[in-house]
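Here are the chains, one letter per residue:
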Amino acid sequence: MVDDAQRQFEIDLPPELIGGAYADFANVWHTPTVFVMDFVTLAQPPREQVDPDTGETRTVVPARVVSRIRIPPEQVFELAKALTQQLEFWEQETGRRPPANPLLDATD
């Protein structure tokens, strides 16, 4: 077995993925054996809609999954660390903080 300190990944980025996919937000969910991240982009402007059963008005946000990533639970910790580290670098480089009022509130 190769020790982690000796491991060096050679990561290949296929040409068709170089441009990436833009996502407005991500939806994360899990099963007992995998975490799934659906990266989503807005498909149309949000619109108001009345629920025919309750009469309540709600905002419907039409969106489309542009990429689905599945990772093992063990990798979620490494991903969280990497995201935190990169966010700190971004804040230092730009002097900016994440928006106080994000486009979509995760509690909606």
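Residues numbered from 1 in each chain as written. Predicted model: local features only at pLDDT ≥ 70, side-chain atom pairs only at ≥ 80, totals over all residues. Heavy atoms only, no water.

1. Details of the side chain of Asp 38
Then comes step 1: Mapped onto the secondary structure, Asp 38 falls in strand 2 (residues 35-42).
Then comes step 2: Here Arg 68 takes part through its side chain, which lies 2.6 Å from a polar atom of the side chain of Asp 38.
Then comes step 3: Not counting chain neighbours up to four residues away, the residues in contact with Asp 38 comprise Phe 25, Ala 26, Asn 27, Trp 29, Val 65, Ser 67 and Arg 68. (Helix = DSSP H or I, 4+ residues; strand = E, 2+ residues; numbered from the N terminus. Polar contact = N/O pair within 3.5 Å; in protein donor to acceptor, adjacent residues only side chain to side chain. Contact = heavy atoms within 4.5 Å.)

2. Describing the sheet that holds strand 2
Then comes step 1: Spatially, 3 strands are ordered 1-2-5 in an open sheet, and the strand pairing comes out antiparallel. In the strand order of this sheet, the two ends are held by strand 1 (25-30) and strand 5 (63-71), each with one partner. Taking the axes of each pair of neighbouring strands and ignoring which way they run, one obtains an average angle of 25 degrees across the sheet.
Then comes step 2: Relative to strand 5, strand 2 is paired through 8 bridges, and the arrangement is antiparallel. Pairing of Phe 35 across the sheet is with Ile 71, part of strand 5. (Pairing = 2+ DSSP bridges. Axes fitted to C-alpha atoms, helices over the stretch in contact; angles between N-to-C directions.)

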